[in-house]
Amino acid sequence: HSHPVAKNLLQRDFTTDGPDKTWVSDITYVATARGWLYLTVFIDLFSRMVVGWALSSSLSTKMVLAALTRGIRNRRPGPGLIIHSDRGVQYACKDFRKLLNKHDFVQSMSRKGDCWDNAVVESFFGSLKSERVHWRSYQTREEARADIVEYITMFYNSHRLHSYLGYQSPDQFEANGRMANAA
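Residues numbered from 1 in each chain as written. Predicted model: local features only at pLDDT ≥ 70, side-chain atom pairs only at ≥ 80, totals over all residues. Heavy atoms only, no water.

Peer 1: What is the right way to look at the packing of aromatic side chains in this model?
Peer 2: Aromatic rings in a pair are described by how distant their centres are and how their planes are angled relative to each other. One pass over the structure, following the stated rule, counts 8 aromatic pairs. Measuring from centroid to centroid gives 4.8 Å for Y29 and W36, while their planes differ by 85°, and the two rings are edge-to-face. Its relative accessible area of 46% is what places Y29 among the partly exposed residues. Ring centres of Y91 and F96 lie 5.4 Å apart, and the angle between their planes is 90°; this geometry places the pair in the edge-to-face category. Of the residues examined, Y91 reaches a relative accessible area of 0% and is grouped as buried. Relative accessible area serves as the criterion here: at 1%, F96 is assigned to the buried category. Cluster of aromatic residues (ring-pair linked, three or more members): F124, F125, Y151, F155 and Y156. (Phe/Tyr/Trp six-rings, centres within 6.5 Å; stacked < 30°, edge-to-face > 60°. Buried < 20%, exposed > 50% of the residue type's maximum accessible area, 1.4 Å probe, protein only.)

See the structure below:
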């Protein structure tokens with residue numbers, strides 16, 4: 001594409017000292033008997049929580065905008081939030097950059113063709129597929145959509161333990177951080 005490419009601000013440093021300072025995003029696909037279903041996620045690097053997601057039957061910018069908008073509604077992050085992604089047209093296009101500018105977010109992009117520059121999202125997709133998707137044979141996109149949303153909301157964010165988080169779920173990690181800050 002001919003859209004601008006943002007500088008890689010993360011340089012594979014996937015640590016942050018608080019919530020809603022850096023989110024990472026990407027798109028993956030899931031096969032169904034009726035065709036592909038595409039999933040966009042936004043993950044907070046602090047807790048590894050999936051804060052925004054959207055699913056679509058097409059690789060549209062609208063899907064990415066919907067996922068980011070869900071994250072913004074769920075979390076209400078302040079100005080300066082870094083949004084890191086690959087260089088896909090959905091992230092480089094005018095509409096996406098306009099939404100980032102509206103909220104005073106900062107854009108960051110991986111180097112060309114380097115999946116390691118977005119390893120946290122790639123790891124999430126690997127977990128989703130090995131723990132859920134590869135064990136299913138989705139007949140419809142709606143069936144896949146419901147199962148993936150359940151995985152994100154009822155398992156991944158609330159129960160799945162992460163070694164990075166000291167073997168806590170994202171929900172537990174954030175709750176423990178809030179309690180520590182209140183003390």
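Peer 1: Explain the environment of H159 to me, please; I cannot follow it from the model alone.
Peer 2: Mapped onto the elements of the fold, H159 is located in the loop between α5 (141-156) and α6 (170-182). On a C-alpha basis, the gap between H159 and F125 in space is 17 Å, while along the polypeptide they are 34 residues apart. If we ignore the near neighbours within four places in the chain, the residues touching H159 are M154 and S169. From its side chain, H159 meets the backbone oxygen of M154 in a polar contact 3.1 Å long. (Helix = DSSP H or I, 4+ residues; strand = E, 2+ residues; numbered from the N terminus. Contact = heavy atoms within 4.5 Å. Polar contact = N/O pair within 3.5 Å; in protein donor to acceptor, adjacent residues only side chain to side chain.)

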